[in-house]
Amino acid sequence: MVPLDHVIAFAAAALLIKLIPGPGVLFVIGRALAHGRSTALAGVVGNDVGTFAQAVGVALGIGALLERSALLFTVIKLIGAAYLVYLGVKAFRGRRTQVELGSAKARDQGGALRAARDGFIVGVTNPKNVIFFSSALPQFVDRSSGHVPLQMVAFGFFFAVIAVICDTAWSLISSSARSWFARSPRRLETVTGAGGVTMAGLGVALAASTTSK
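Residues numbered from 1 in each chain as written. Predicted model: local features only at pLDDT ≥ 70, side-chain atom pairs only at ≥ 80, totals over all residues. Heavy atoms only, no water.

A. Broad picture of the overall build of the protein chain. Tallying secondary structure elements over the protein chain gives eleven helices and zero strands in all. The order of α-helices and β-strands along the protein chain, N terminus first, is α-α-α-α-α-α-α-α-α-α-α. By the burial criterion, 46% of the 213 residues in the protein chain qualify as buried. By sequence separation, contacts in the protein chain at least 24 residues apart represent 86% of the contacts at least 6 residues apart. Accessible area of the protein chain: about 10,500 Å², with a carbon and sulfur share of 71%. (Helix = DSSP H or I, 4+ residues; strand = E, 2+ residues; numbered from the N terminus. Buried < 20%, exposed > 50% of the residue type's maximum accessible area, 1.4 Å probe, protein only. Contact = heavy atoms within 4.5 Å. Areas by Shrake-Rupley, 256 points an atom, 1.4 Å probe, with all protein chains shown as cover.)

Below, the structure written as structure tokens:
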């Protein structure tokens, strides 16, 4: 049984982490601006499932392995960065197509599963969460209660729930702003391109932070 005071302290730390925009948040914002609400929400689900998978991996010892292997950690960061650049370039290049498709239904047709898949990849390769889970999860467990890996998985689940709430709010706010831009084809093309640039820029920044160390 996870002590309640540990849960409250962890929830506060998790909320603080989610309020600081990182790869997951910027991915959701970029998706909302580039493709609209339903695609962004599907991306939220995929991203936070990937985040929970990270927590489970840390609980099973992957976090300690990444901590010992700088090469493995760098490879994971570069994979996530490259994928973000790919998604950003794809959204930017397709900005005119988005406008020509016209309706939100046409834009999002068949896109939910792809958005969830893309979100999962971004979530499971997010270095910010790996660092947080590796450093924070062990501090909140109660070793006297036993079942330490299970406690860490429970904390990871709490984090994922908080992440879904925060990321959903980000996606709704961003997609609402996009709706205003959608009244003009030129404005819609601009905001779609901006969403792509946001994702690609984030990927470049992650890659640069990796190679500069």
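B. Just the UniProt feature "transmembrane region" (unreviewed entry) in the protein chain, in detail. In this structure's numbering, the residues bearing the UniProt feature "transmembrane region" (unreviewed entry) are residues 6-29, 70-89, 153-173 and 193-211. Secondary structure across residues 153-173 divides into 100% helix and 0% strand, with the first and last C-alpha atoms of the span separated by 30 Å. (UniProt positions renumbered as here; feature names shortened; annotations may be inferred.)

C. Spatial organisation of the environment of N47. As for its placement among the helices and strands, N47 is situated in helix 3 (residues 37-59). Judged by its relative accessible area of 2%, N47 is buried. The sequence separation of N47 and A116 amounts to 69 residues, and the corresponding C-alpha distance is 7.1 Å. In this structure, N47 is in contact with G24, F27, G119, F120, V122, G123 and D167, ignoring residues within four places of it in sequence.

D. Here's a closer look at the nonpolar core. If you look at the biggest cluster of nonpolar residues, it comprises 19 residues, and the most contacted ones within it are F10, F132, F133, L137, M152, F155 and F159. The element that contributes the greatest number of residues to this core is helix 10 (residues 148-181), accounting for seven residues. Counting six residues, the second-largest nonpolar core is a separate cluster that includes V28, V44, Y83 and V122. (Core = buried A, V, L, I, M, F, W, Y, C linked by side-chain atoms within 4.5 Å.)

E. Spotlight on the packing of helix 3 against helix 8 (residues 112-124). It is the contact of helix 3 with helix 8, at a shortest axis distance of 6 Å, that shows an interaxial angle of 35°. For the pair helix 3 and helix 8, the sense of crossing is right-handed. From helix 3, T39, A42, G43, G46, N47, V49, G50, T51, A53 and Q54 reach across to helix 8, where they touch A112, A115, A116, G119, F120, V122, G123 and V124. Classifying every residue of the contact of helix 3 with helix 8 by side-chain character gives nine nonpolar, nine polar and no charged. (Axes fitted to C-alpha atoms, helices over the stretch in contact; angles between N-to-C directions. Left-handed = near helix turned anticlockwise from the far one by under 90°. Nonpolar A, V, L, I, M, F, W, Y, C, P; charged D, E, K, R; others polar.)

F. Geometry of the packing of helix 3 against helix 9 (residues 127-140). Their axes nearest at 10 Å, the elements helix 3 and helix 9 cross at an angle of 40°. It follows that helix 3 is oblique to helix 9 by the angle criterion. Crossing hand, helix 3 versus helix 9: right-handed. Across from T51, Q54, A55 and V58 in helix 3, the residues of helix 9 making contact are N129, V130, F133, S134 and L137. By residue class, the composition of the contact of helix 3 with helix 9 is five nonpolar, four polar and no charged. (Parallel < 35°, antiparallel > 145°, perpendicular 65-115°, else oblique.)

G. Quick look at a nonpolar patch on the surface. Residues F157, F158, V161 and I165 make up a contiguous nonpolar surface patch of roughly 370 Å² in combined accessible area. Relative to the elements of secondary structure, I165 occurs in helix 10. (Patch = residues over 30% accessible without salt bridge, like charges linked within 9 Å, V, L, I, M, F, W, Y side chains within 5 Å. Salt bridge = Lys/Arg side-chain N within 4 Å of Asp/Glu carboxyl O.)

H. The arrangement of helix 3 in detail. Taking 1.5 Å of rise per residue, 23 residues should cover 33 Å, and helix 3 covers 33 Å from first to last C-alpha, within 8% of that figure. Where helix 3 terminates, the next one or two residues include G61, which has phi positive at roughly 110°. (Expected span 1.5 Å × (residues − 1).)

I. Spatial organisation of the confidence of the model for the protein chain. On average, residues of the protein chain score 75 in pLDDT, and 73% of them reach the 70 mark or higher. Mean pLDDT per element in the protein chain: helix 7 (residues 104-108) is the minimum at 43, and helix 3 is the maximum at 90. Across residues 98-110, confidence stays below pLDDT 50; counting only partners more than four residues off in sequence or on other chains, it has 18 contacts. (pLDDT = per-residue confidence, 0-100.)

J. Seen up close, the side chain of D167. Here D167 is to be found in helix 10. A relative accessible area of 0% places D167 in the buried class.

K. Region of interest: the packing of aromatic side chains. One pass over the structure, following the stated rule, counts four aromatic pairs. Both rings, one in F133 and one in F159, keep their centres 5.0 Å apart while their planes meet at 80°; by these two values the pair is edge-to-face. One end of the pair, F133, is in helix 9; the other, F159, is in helix 10, with 26 residues separating them in the sequence. Accessibility assignment for this pair places F133 and F159 in one class, buried. Between F155 and F158, the aromatic rings sit 6.1 Å apart at their centres with planes inclined by 80°, giving edge-to-face as the arrangement. Here F158 and F155 lie together in helix 10, a separation of three residues that amounts to about one turn. On the accessibility criterion, F158 (31% relative accessible area) is partly exposed. (Phe/Tyr/Trp six-rings, centres within 6.5 Å; stacked < 30°, edge-to-face > 60°.)

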